[in-house]
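# Secondary and tertiary structure notes
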Amino acid sequence: RNGRKDYVETIHFPVKSKNNWRITVACNKHGVTATPYLISYNKIGMTASHIPVDFESMPLMHFNTHFFKRYKERGKIDVKKPEDLVKFFFKKNVALLPCYYPREDGTQQLFTPLVGGVGLGNYHVESDICEFKTLVDDSLLGQNQKDQINEIWTSTLNELVDEIYRRIHKRKPSQFV
């Protein structure tokens, strides 16, 4: 150990409109990340929406009630309050990136790699929202699926980094990963 300690903290921002805004800040050897999200409620339970601030071209990422139910169940997470479950989720998953896997019918399967599994859902083009509806934990994935997820995630990250670099420097950088 080099004496460096990783640090993750969640900051709560109550506002008059009764929206429950939070920001998870993570500091580690790779730098500092901030993950803002909004907790809200529907008729079924709690949902959370993450607003990616690092990349202006990324869509809003919405995690519905069923997603959090599966996250708790399949991750065997012993948290009682729904708000604490959402906080736990964002502390464990500070780098959220929507990715797409091509299906045989020509459509794209939306997913995001997570600690302990992968979130699955639908991309709503008209509103530019990624809605994550369920979680498949690592024990249900084959090694070839894990490898494909890693390849797609790496490719997506490289594309984002290339686009940011292009906008800043007007030329193509060397690969990030």
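Now for a description of the structure that goes with this document. Remember, it's a predicted structure, so these values are computed and weren't measured experimentally.

## Some thoughts on the pattern of salt bridges
A complete count under the given rule lists two salt bridges for this structure. With a closest N to O distance of 2.9 Å, D78 and K80 form a salt bridge. Pair check on accessibility: D78 and K80 agree, each one exposed.

## So, helix α2 (residues 82-92)
For α2, the full list of buried residues reads E83, L85, V86, F89 and F90. Buried positions in α2, seen along its axis, are confined to an arc of 160° and lie on one side of it. Check the buried side of α2 and you find it contacts β2 (20-28), β3 (31-41), β4 (46-50), β5 (60-63), α1 (65-75) and β7 (108-114).

## Describing the environment of N42
Topologically, N42 is positioned in the loop between β3 and β4. A C-alpha to C-alpha distance of 9.2 Å links N42 and N64, two positions 22 residues apart in sequence. Here I44 takes part through its backbone nitrogen, which lies 2.8 Å from a polar atom of the side chain of N42. Looking at N42, its side chain comes within polar contact range of the main-chain nitrogen of G45, at 2.7 Å.

## Description of the side chain of R22
Relative to the assigned elements, R22 resides in strand β2. A distance of 3.4 Å separates a polar atom in the side chain of R22 from a polar atom in the side chain of N20. If we ignore the near neighbours within four places in the chain, the residues touching R22 are T10, I11, H12, T35, P36, Y37, I39, E83 and K87.

## Details of the nonpolar core
Judged by nonpolar contacts, the single largest core of 32 residues is most densely connected at F63, F67, F68, V86, F89 and F90. Of all the secondary-structure elements, those providing two or more residues to this core are β3, β4, β5, α1, α2, β7, β9 (129-137) and α3 (143-169). Apart from residues no more than four positions distant in its own chain, F90 is found in contact with T24, T35, Y37, A48, H50, F63 and L96.

What counts, and where the lines are drawn
- Residues numbered from 1 in each chain as written.
- Predicted model: local features only at pLDDT ≥ 70, side-chain atom pairs only at ≥ 80, totals over all residues.
- Heavy atoms only, no water.
- Salt bridge = Lys/Arg side-chain N within 4 Å of Asp/Glu carboxyl O.
- Buried < 20%, exposed > 50% of the residue type's maximum accessible area, 1.4 Å probe, protein only.
- Helix = DSSP H or I, 4+ residues; strand = E, 2+ residues; numbered from the N terminus.
- Arc of directions from axis to C-beta.
- Contact = heavy atoms within 4.5 Å.
- Polar contact = N/O pair within 3.5 Å; in protein donor to acceptor, adjacent residues only side chain to side chain.
- Core = buried A, V, L, I, M, F, W, Y, C linked by side-chain atoms within 4.5 Å.

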